[in-house]
Every structure is written in C-alpha cells, then in structure tokens.
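So the chains spell out like this:
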Amino acid sequence: MNSGFSFQFVAAPLLSFLLAYLLIFWLVKGNVLRILDFPNKRSLHSTPVLRTGGIGLIFSILIVWLLFSASLPISMWIGFGLLALISFADDVKGLSVPVRLLAHIIVAIGFSAMLLVDDYNWVMVIGIALAIAWMSNLYNFMDGSDGLAGGMTLIGFGYYGVTALLAGNMEFAMINFCIMASAGAFLRFNFHPAQIFMGDVGAVPLGFLAAALGTLGWVKGLWSLWLPLLIFSPFIVDATITLVKRLFRGEKIWQAHREHYYQRIVQSGFGHRNTALLGYMLMLIVGGSAVWASNYDFITQSWLTVMWGGIYLIIMLAFDWYQRCFTKTQDDRR
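Scope of this entry: the structure provided in the associated data block. Predicted, not measured: the structure shown is a model, and the values here were computed from it.

1. Considerations on the pattern of salt bridges
Considering all chains together, one arrives at eight salt bridges under this definition. The salt bridge partner of Arg249 is Glu259, with a shortest N-O separation of 2.4 Å. Remark: Glu259 occurs in the loop between α10 (233-248) and α11 (261-293) and Arg249 occurs in the loop between α10 and α11; sequence separation between them is ten residues. Here the salt bridges share partners, and the residues they tie into one network are Arg246, Arg249, Glu251 and Glu259.

Shown next as structure tokens:
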C-alpha cells in the first residue's frame, strides 16, 4: 500500500466521522429541519424525537466517497441517492406503502440488472434484486430502538471492511469503513436516551448498501454470498420470522406493530440500552465467525450457517417461553 493510499485509508473514515458528527450535532442543536417522530403503534418511545439523523449519515458518506473518488458502480450511486430522496419525502410528507415499495423494487432491479446481467442469468438477477429490496425495508423495520440500527451499522460495515482488507482490496475496505465511521458518530446521539433517530432517510439507504455492497463484494471475489447474510443475520432473522408469523396469522403486514423480537425484548424489561448491547454482542459473535470462516471451504461455511440457524431457533423459542412467563407473572400481580 503506497503512502498516498495509506493517507486516504486513514483520512477518509476520519473525515466521515467528523462530518457526520458535525452535521448531526447541527441537526440536534440547531433550529433546522425539525421533523419529529411522533409515537405510534410501532414506537417504543413516548415523546416526539427528531428523525433527521440519517441526513447527517447519508451526506457524510456521499461527500467523502466523492472527495476520495470511490470506485463504485453508477447504479449504486443512483440507487443510493434515489432511495435517500424518496425516503426523505416519506419522512416529511408520508408516502403510501405501494409507492415506497415500488420505488425500492425499481432501484433494486436496476442495480442488480446493471451489475449482474452480463455474467448471470435472470433468475439470479431477480433473486438478488428481491433480496436488496427486502433488506432496504427490513433495515427500516429494525430501526425502532435506541442505538440498535446505528450499532448494527457500525459493526456490520466494519466487518465488511475487515473482510475486504484481509482479501487485499484496500479501497473497498475504505468505502465500508467510511460507513462504519459515520455510524459511530450517529451513535453518539442515538444511544439511549436517543436525541435523534435516523429516520427512513437513513435506514432505507443503509439497508440498500448492506445488500448492494454485500453483493458487490461477492462479485469482486472478496467473499461468498453467505457472508453478508450471516453478518446481518440478527436483522434478517428477526424481521423475516416476524413477517412470516404475521402472514400466518392473517395480519396486515404493512401496518405498524411492536412484534419484532427486539421490540418485545425492550418491552419485557430489558430496556433500550440492554437490548442494544445484547444486539451488539450477538452481531459481533456471528459476524466474527463469518469473517473467520471466509478462509475455509464451502462445507465449513455451510455448517457454520446451519449452526447459527439452530442457535437463532433456540434463542427465539427461549425468549417466547420467557415472555409467556413474564406476561403471566405481570397478570398474576394485577
């Protein structure tokens, strides 16, 4: 690594952190963009909180990527920017579910097709596109507890950066470390008690990046497709299992609710802070195991994935049992 790139490798994430910190500090302390998140059926907070933190996150990442000439597909720049604009409009005015979902699907198909169509069949293109659209939405679903999504962003993209670094791609590592650094600055204001939320303008584009950069790392040969799935599995498993359970119960999946595991953990007495710390610990362990296994063969990686599937099943069944006992105890006390 030459001295010029060594400087960029250190300077880019530091600048991302500084810009994000200053922008979010300005949004929190200044009398600008007072867009509030009012409590609703999905909320775990009881008073209105600013929901503009994602603006600081997104702008800091984009500015630094542009300044350091990040080599990313044009489809990623366009998709990231479009989702940020659409999601900001949703934060301000509130868009209908079909409009939001259609925008997410169009962006996902556009990115997947432009990246994969020359080398892969359309089944793969559509499958990756659906995964990207789902990740964009589930990241937003999981952004409902102080510090959770911010910490998961820091850890998840940090692991992307570490894996790219181990594979010898310094620029791709830098690109991911910039996201990690901006998330670290955001977390300063979002950890419990949160002064600001990231809002749709932050959560949806970050979900897109988690899936799109995960796919791009696979195309570049830096990791297998299972690695991004495993790194972000705490989010993916919670959101997907919750959706499936609601579908089986015949509930309207687009309606606001508080049935995600992380929401139920907060309400069961763990609180925002402990729930976030529990999530961090889980993601550090599962992500660390994914990075470790990236140097091994497909059979080892498959067994690791199966093992984590079993662990998640045990965790969910154990918590369901705990919550039933917790609810019964509360009812008895009444």
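Further notes follow.
2. Quick notes on the layout of surface pockets
In this model, the largest pocket occupies a volume close to 1100 Å³. When residues of the lining of the largest pocket are traced back to their parent elements, those giving at least two are α3 (74-92), α4 (97-116), α5 (122-141), α8 (199-219) and α10. Per-element accounting of the lining of the largest pocket gives the leading share, six residues, to α5. Classifying every residue of the lining of the largest pocket by side-chain character gives 18 nonpolar, 15 polar and ten charged. A volume near 510 Å³ is recorded for the second largest pocket.

3. Brief notes about the nonpolar core
The biggest cluster of nonpolar side chains holds 97 residues, and the ones touching the most others in it are Trp65, Met76, Phe157, Phe208, Leu209, Leu213 and Phe232. Trp65 has contacts with Ala70, Leu72, Trp77, Phe80, Ile175, Cys178, Ile179 and Leu209, leaving out every residue within four places of it along the chain.

4. Some words on α3
Over its 19 residues, α3 extends 27 Å from the first C-alpha to the last, a length consistent with the 27 Å expected when each residue adds 1.5 Å. Ser75, Met76, Gly79, Phe80, Leu83, Ala84, Ser87, Asp90 and Asp91 are the residues of α3 that are buried. For α3, the arc enclosing every buried residue in end-on projection is 155 degrees, short of the 170-degree limit, so these residues lie on one face. Away from the buried face of α3 by more than 90 degrees, exposed residues Ile74 and Leu85 are located. At the C-terminal side of α3, Gly94 shows a positive phi close to 85 degrees.

5. Describing unusual backbone geometry
That bond from His192 to Pro193 is cis: its omega, -5 degrees, falls within 30 degrees of zero. Inspection of the secondary structure puts Pro193 in the loop between α7 (170-190) and α8. Even without glycine at this site, Leu33 takes up a positive phi of about 45 degrees. Among the structural elements, Leu33 can be located in the loop between α1 (3-29) and β1 (36-37). In this structure Leu33 comes out as partly exposed when scored by relative accessible area, which is 35%. Look at Ser69: it is not a glycine, yet its phi comes out positive at around 50 degrees. With respect to the element layout, Ser69 can be found in the loop between α2 (53-67) and α3.

6. Some details on a nonpolar patch on the surface
Side chains of Val97, Leu101, Ile105, Ile109, Val117, Trp122, Ile126, Leu130, Leu247, Ile253 and Trp254 sit close together on the surface and give an oily, nonpolar patch of about 970 Å² of accessible area. Mapped by element, the contributors of at least two residues to the nonpolar patch are α4 and α5. If one sorts the elements of the nonpolar patch by residue count, α4 sits on top with four residues. For Ile253, a relative accessible area of 32% gives the class partly exposed.

7. Describing the environment of Gln263
Tracing the backbone shows Gln263 in helix α11. For Gln263, a relative accessible area of 0% translates into the label buried. Separated by 41 residues in the primary sequence, Gln263 and Leu304 have C-alpha atoms spaced 27 Å apart. Gln263 has contacts with Arg42, Leu44, His257 and Arg258, leaving out every residue within four places of it along the chain. A distance of 3.0 Å separates a polar atom in the side chain of Gln263 from the backbone nitrogen of His260.

8. Brief notes about the packing of α10 against α11
Contact pair α10 / α11: the axes reach a minimum separation of 10 Å and the direction vectors enclose 135 degrees. Here α10 lies oblique to α11, going by the angle between them. Within the contact between the two elements, α10 uses Ser233, Pro234, Asp238, Ile241, Thr242 and Lys245 and α11 uses Tyr261, Tyr262, Arg264, Leu282, Met283 and Val286. Taken together, the residues that form the contact of α10 with α11 break down as seven nonpolar, two polar and three charged.

Conventions and cut-offs
Residues numbered from 1 in each chain as written. Predicted model: local features only at pLDDT ≥ 70, side-chain atom pairs only at ≥ 80, totals over all residues. Heavy atoms only, no water. Salt bridge = Lys/Arg side-chain N within 4 Å of Asp/Glu carboxyl O. Helix = DSSP H or I, 4+ residues; strand = E, 2+ residues; numbered from the N terminus. 1 Å grid on protein atoms, 1.4 Å probe; cavity = no way out; pocket = protein on both sides within 12 Å on 5 of 7 lines; lining within 4 Å. Points joined across faces, edges and corners; volume = space filled by probe spheres on them. Nonpolar A, V, L, I, M, F, W, Y, C, P; charged D, E, K, R; others polar. Core = buried A, V, L, I, M, F, W, Y, C linked by side-chain atoms within 4.5 Å. Buried < 20%, exposed > 50% of the residue type's maximum accessible area, 1.4 Å probe, protein only. Contact = heavy atoms within 4.5 Å. Expected span 1.5 Å × (residues − 1). Arc of directions from axis to C-beta. Patch = residues over 30% accessible without salt bridge, like charges linked within 9 Å, V, L, I, M, F, W, Y side chains within 5 Å. Areas by Shrake-Rupley, 256 points an atom, 1.4 Å probe, with all protein chains shown as cover. Polar contact = N/O pair within 3.5 Å; in protein donor to acceptor, adjacent residues only side chain to side chain. Axes fitted to C-alpha atoms, helices over the stretch in contact; angles between N-to-C directions. Parallel < 35°, antiparallel > 145°, perpendicular 65-115°, else oblique.

Any functional reading would require information that these geometric values do not contain.
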